[in-house]
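The primary structure of each chain is shown beneath.
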Amino acid sequence: MLKRLFHIAIVLLLLCACGSREAKQMLDKAEDVINENPSEAITILNSISIDGLSHSQCMRRLLLLTNAQNKCDTMFRSDSIQRMLVDYYDHHGSANDQMLAHYLLGRARYDMGEVPAALNSFQNAANCADTTDFECNYAQLSRVYAQMSEIFYYQNLIEEDLKYNNLAIRYAWKAKDTLAAILTIAGNIAVYKKNGNARLCALHL
């Protein structure tokens, strides 16, 4: 009887291991396509059954899913999921994971009209970034600073706007994201034009 129970336990462990490996492969696939095709990433992530996933895999799935939804311009009406992600990734995962979790919390709070709280979350996201690490997600850091710049733009705080927009440009170049860098430079031009300073605009270029 004990021998049979032992064999059943082994089979169950093997099945869980197989399911865990398959889930990891699907999570990796979703992460690979999330920037170019966030809708496809959402489809992949929604197809993953949470049954048998480890807690870390469940949280990774939720982080990727929320990120993909944000990239699809989802309007967040609540920040409960984002707060849960921050609570988890503040103690787990990489610096990139922590930065992303805080960034997504900022995006949710911004959508909810909580601008000061959103700005605080974006600043926390920037503070999470480890720019000394070769694997630092500079593209994500650029997006964080671009969001901060946008907030200051609509508040007519020119110096702060340009400061964070220039940081966004800097890290877009470090990420070798030429399109993002060009679009962010265009943001600086918009600031100069908005404030009627064509000379500064020309100097910047």
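Summary of the structure given here.

Rules used throughout
Residues numbered from 1 in each chain as written. Predicted model: local features only at pLDDT ≥ 70, side-chain atom pairs only at ≥ 80, totals over all residues. Heavy atoms only, no water. Helix = DSSP H or I, 4+ residues; strand = E, 2+ residues; numbered from the N terminus. Buried < 20%, exposed > 50% of the residue type's maximum accessible area, 1.4 Å probe, protein only. Areas by Shrake-Rupley, 256 points an atom, 1.4 Å probe, with all protein chains shown as cover. Salt bridge = Lys/Arg side-chain N within 4 Å of Asp/Glu carboxyl O. Phe/Tyr/Trp six-rings, centres within 6.5 Å; stacked < 30°, edge-to-face > 60°. Lys NZ or Arg CZ within 6 Å of the ring centre and 35° of its normal. Axes fitted to C-alpha atoms, helices over the stretch in contact; angles between N-to-C directions. Parallel < 35°, antiparallel > 145°, perpendicular 65-115°, else oblique. Left-handed = near helix turned anticlockwise from the far one by under 90°. Contact = heavy atoms within 4.5 Å. Nonpolar A, V, L, I, M, F, W, Y, C, P; charged D, E, K, R; others polar. Expected span 1.5 Å × (residues − 1).

This part covers the overall build of the chain. Scanning the chain for helices and strands turns up 10 helices and zero strands. Beginning at the N terminus, the succession of helices and strands in the chain can be written as α-α-α-α-α-α-α-α-α-α. A buried classification covers 39% of the 205 residues belonging to the chain. As displayed, the chain offers around 11,900 Å² of accessible surface, 56% of which is attributable to carbon and sulfur atoms.

Right, let's talk about the pattern of salt bridges for a bit. Going through the model one piece at a time under the given rule, you end up with six salt bridges. A salt bridge links lysine 24 to aspartate 28; its shortest N-O distance comes to 2.9 Å. Residue lysine 24 and its partner aspartate 28 are both found in helix H1 (residues 2–33); the two are separated by four residues, about one turn of the helix. Assessed through its relative accessible area of 45%, lysine 24 is described here as partly exposed. Residue aspartate 111 is joined to arginine 107 by a salt bridge in which the shortest nitrogen-to-oxygen separation is 3.9 Å. Of this pair, aspartate 111 and arginine 107 are both found in helix H5 (residues 95–111), four residues apart, which corresponds to roughly one turn of the helix. In terms of burial, aspartate 111 and arginine 107 fall into one category: buried. Several salt bridges share partner residues, and in doing so they unite Lys24, Asp28, Glu31 and Arg60 into one network.

Where two aromatic rings form a pair, the distance of their centres and the angle of their planes describe that pair. Scanning all chains against the criterion turns up seven aromatic pairs. For the ring pair tyrosine 88 and tyrosine 89, a centre distance of 4.8 Å and an interplane angle of 90° mean the geometry is edge-to-face. Per residue, the accessibility class of tyrosine 88 equals that of tyrosine 89, and both read buried. When the centroid spacing of 5.5 Å and the interplanar angle of 20° are considered together, the rings of phenylalanine 152 and tyrosine 164 count as stacked. Placement of the pair is phenylalanine 152 in helix H7 (residues 138–154) and tyrosine 164 in helix H8 (residues 158–174), with a sequence separation of 12 residues. Each member of the pair, phenylalanine 152 as well as tyrosine 164, carries the same accessibility label: buried. Grouping aromatic residues by their ring pairs yields a cluster made of Tyr138, Tyr145, Phe152, Tyr164 and Tyr171. Across from the ring centre of tyrosine 138, 5.0 Å away, lies the NZ or CZ of lysine 174, which sits over that ring.

When two helices pack together, their arrangement is given by the angle between their axes and by how far apart the axes lie. Running from N to C, helix H3 (residues 55–71) and helix H4 (residues 80–89) cross one another at 135°; their axes reach a closest spacing of 11 Å. As judged from the angle between their axes, H3 and H4 are oblique. The two elements H3 and H4 cross, and the hand of that crossing is left-handed. Seen from H3, the contacting residues are His55, Ser56, Met59, Arg60, Leu62, Leu63 and Thr66; seen from H4, they are Ile81, Gln82, Met84, Leu85, Tyr88 and Tyr89. In terms of residue class, the contact of H3 with H4 is built from eight nonpolar, four polar and one charged.

Glancing now at H7. Taking 1.5 Å of rise per residue, 17 residues should cover 24 Å, and H7 covers 25 Å from first to last C-alpha, within 8% of that figure. Counted residue by residue, H7 has 12 buried out of 17 residues, so it is predominantly covered. Of the positions making up H7, those classed as buried are Tyr138, Ala139, Gln140, Leu141, Ser142, Val144, Tyr145, Gln147, Met148, Ser149, Ile151 and Phe152. Residues of H7 that are buried make contact with H5, helix H6 (115–128) and H8. Looking at the residues trailing H7, positive phi occurs at asparagine 156, about 60°.

Attention now goes to the packing of H4 against H5. Two elements in contact, H4 and H5, have axes whose closest approach is 9 Å; the angle formed by their N-to-C orientations is 160°. What the angle tells us is that H4 and H5 run roughly antiparallel. Judged by the sense of rotation from one axis to the other, the crossing of H4 with H5 is left-handed. Facing Gln82, Arg83, Leu85, Val86 and Tyr89 of H4, the residues of H5 in contact are Asp97, Gln98, Ala101, His102, Leu104, Leu105, Ala108 and Arg109. Within the contact of H4 with H5, the residues separate by chemical class into seven nonpolar, three polar and three charged.

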